[in-house]
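Given next are the chains, with one letter for each unit.
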Amino acid sequence: MSNSSSSISQFLLLAFADTRELQLFHFCLFLGIYLAALLGNGLIIITTACDHCLHTPMYFFLLNLSLLDLGCISTTVPKSMANSLRDTRAISYSGCVAQHFFFVFLIITEYFVLTVMAYDRYVAICHPLHYGTLLGSRAFVHMAAAAWASGFLCSVLYTANTFSLPLCQGNAFDQFFCEIPQVLKLSCLVSYLRVTGVIVVSDSLAFGSFVFIVVSYVQIFRAVLKIRSQQGRHKASSTCLPHLAVVSLFVSTGIFTYPKPPSISSLFLDQVVSFLYSVVPPAVNPLIYSMRNQELKDAVWKLITGYLSSNKLHISKPI
């Protein structure tokens, strides 16, 4: 094989199992998680879109988060399932570029949306009288649009710089999908410096967003502690704690994935961490958000019962 990436027509993804039985088990496991993510996020999307009581900035951002979660898991899991079913490891060069682009685009956008959601909770709890002014109908839409546009721009820069590097270390990944660290491992050491600028800029933005989220929640917790009524504290925490749990899961797995030093890197650890940050969050985020949010649970239940009732009436109607 040539030392240039132009001669590579495909990459080899990491296989979770070698035996046929374990490959089928991996397929069934990922299928179950994927269907759970489709169901949970799909219910949130349909509910927030159909229920006029949920047409608020908080639920608008939650709808965006569910769309991003669906996109993330749909970018990586179906290909891994198909490879297990067909007993292959291959992904085409163009398929790897597309998977890399969409995964980075959706992950970065999700991080920015989570940052905007922290600002939404900060304004709602610390400055409730100014909530309508600071997060009017145009303001929160513009914030979401800025998050999507920023994610798209970062992904274009990442993908263009990453796949323009000459590859000198073969075409086999130690990962079940195409991601930045795996492509960089195959690149020439000298050429790796070309993508350093993009990494520094994006890491600076990520760190700035993280600091913003931390500062926002420090202010939120201070405001919650000043609330005298138990009902008021419960209502405030029920909208903040799920978001904080999602952010903690997202940031912690991301920290262990990308800035991890080679000295503590291992194949098993890389697999576990990549599974945690790319597969688990899209499936469990709907549960986290609905667990303490009675308004969302009531809206979902209303949607399901309304659908079942309409079907029952349709079936019982005489022909």
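The shown structure was predicted, so the numbers you read here are calculated from the model rather than taken from an experiment. (Residues numbered from 1 in each chain as written. Predicted model: local features only at pLDDT ≥ 70, side-chain atom pairs only at ≥ 80, totals over all residues. Heavy atoms only, no water.)

Novice: Mind showing me how you'd approach the overall build of the protein chain here?
Specialist: When helices and strands are tallied, the protein chain shows eleven helices and two strands. Helices and strands appear in the protein chain in the N-to-C order β-α-α-β-α-α-α-α-α-α-α-α-α. A total of 319 residues make up the protein chain; the buried ones form 46% of that total. Considering only contacts in the protein chain between residues 6 or more positions apart, those separated by 24 or more positions represent 78%. Taken as a whole, the protein chain presents about 16,500 Å² of accessible surface, with 70% of it coming from carbon and sulfur. (Helix = DSSP H or I, 4+ residues; strand = E, 2+ residues; numbered from the N terminus. Buried < 20%, exposed > 50% of the residue type's maximum accessible area, 1.4 Å probe, protein only. Contact = heavy atoms within 4.5 Å. Areas by Shrake-Rupley, 256 points an atom, 1.4 Å probe, with all protein chains shown as cover.)

Novice: Can you walk me through helix H5 (residues 137-162) in this structure?
Specialist: Every α-helix winds through 3.6 residues per turn, so residues three or four apart in the chain are directed the same way. With 26 residues, H5 should cover 38 Å at 1.5 Å per step; its first-to-last C-alpha distance of 38 Å lies within 8% of that length. For H5, the set of buried residues is Phe140, Ala144, Ala147, Gly151, Cys154, Ser155, Tyr158, Thr159 and Thr162. (Expected span 1.5 Å × (residues − 1).)

Novice: Would you explain unusual backbone geometry in this entry?
Specialist: Excluding glycine, residues mostly carry a negative phi; peptide bonds, for their part, are mostly trans. One non-glycine residue with positive phi stands out, namely aspartate 87, at about 55 degrees. Relative to the elements of secondary structure, aspartate 87 occurs in the loop between helix H2 (57-86) and strand S2 (90-92).

Novice: What is the right way to look at the state of the cysteines in this model?
Specialist: The term disulfide refers to a covalent linkage connecting the sulfur atoms of a pair of cysteines. Under the defined criterion, the tally for this structure stands at one disulfide. A disulfide bridge connects cysteine 96 with cysteine 178, and the sulfur atoms are separated by 2.1 Å. Disulfide cysteine 96-cysteine 178: torsion about the S-S bond near -130 degrees, hence left-handed. With a gap of 82 residues between them, cysteine 96 in helix H3 (residues 93-126) and cysteine 178 in the loop between H5 and helix H6 (180-186) connect regions that are remote in the sequence. (Disulfide = S-S within 2.5 Å.)

Novice: I tried to follow the side chain of histidine 100 on my own but got confused; where do I start?
Specialist: Structurally, histidine 100 is set in helix H3. Take histidine 100: its relative accessible area is 1%, and that puts it in the buried class. Ignoring anything within four residues of it in the chain, the contact list for histidine 100 reads Tyr158, Thr159, Thr162, Phe163, Cys178, Glu179 and Ile180.

Novice: Could you clarify how one ought to interpret the nonpolar core in this entry?
Specialist: Judged by nonpolar contacts, the single largest core of 64 residues is most densely connected at Leu62, Val77, Leu114, Met117, Ile125 and Tyr289. Excluding residues within four positions of it along the chain, leucine 114 makes contact with Leu65, Ile213, His243, Val246, Val247, Phe250 and Tyr289. With eleven residues, the next largest nonpolar core counts Leu13, Cys96, Leu167 and Leu186 among its residues. (Core = buried A, V, L, I, M, F, W, Y, C linked by side-chain atoms within 4.5 Å.)

Novice: Just checking my understanding: could you explain the packing of H2 against H3 for this structure?
Specialist: Describing two packed helices takes the angle between their axes plus the distance from one axis to the other. Packing of H2 against H3 leaves a shortest axis separation of 9 Å and a crossing angle of 160 degrees. Put simply, H2 runs roughly antiparallel to H3. Note that H2 runs across H3; the crossing there is left-handed. Split by residue class, the contact of H2 with H3 holds 15 nonpolar, six polar and five charged. (Axes fitted to C-alpha atoms, helices over the stretch in contact; angles between N-to-C directions. Parallel < 35°, antiparallel > 145°, perpendicular 65-115°, else oblique. Left-handed = near helix turned anticlockwise from the far one by under 90°. Nonpolar A, V, L, I, M, F, W, Y, C, P; charged D, E, K, R; others polar.)

Novice: What should I look at first to understand the side chain of asparagine 64 in this one?
Specialist: Residue placement: asparagine 64 occurs in helix H2. The exposure class assigned to asparagine 64 is buried, which follows from its relative accessible area of 6%. With residues near it in sequence (within four places) discarded, asparagine 64 still touches Val113, Ala144 and Trp148.

Novice: I tried to follow helix H10 (residues 280-291) on my own but got confused; where do I start?
Specialist: For H10, spanning twelve residues, the distance from its first C-alpha to its last is 17 Å, which sits close to the expected 16 Å at 1.5 Å a residue. Of all twelve residues making up H10, nine are buried, and the element is well covered by its neighbours. Residues of H10 that are buried include every one of Val280, Pro281, Pro282, Ala283, Asn285, Pro286, Ile288, Tyr289 and Ser290, and no others.

Novice: Just checking my understanding: could you explain the environment of leucine 244 for this structure?
Specialist: Tracing the chain through its elements places leucine 244 in helix H8 (residues 230-257). Leaving out residues up to four positions away in the same chain, leucine 244 has contacts with Tyr217 and Phe221.

Novice: Explain the pattern of salt bridges to me, please; I cannot follow it from the model alone.
Specialist: Oppositely charged side chains can pair when the atoms bearing their charge come close. The full count for this structure, using the stated rule, is one salt bridge. With its nearest N and O atoms 2.9 Å apart, the salt bridge here joins arginine 121 to aspartate 120. The exposure class of aspartate 120 is buried, given its relative accessible area of 1%. (Salt bridge = Lys/Arg side-chain N within 4 Å of Asp/Glu carboxyl O.)

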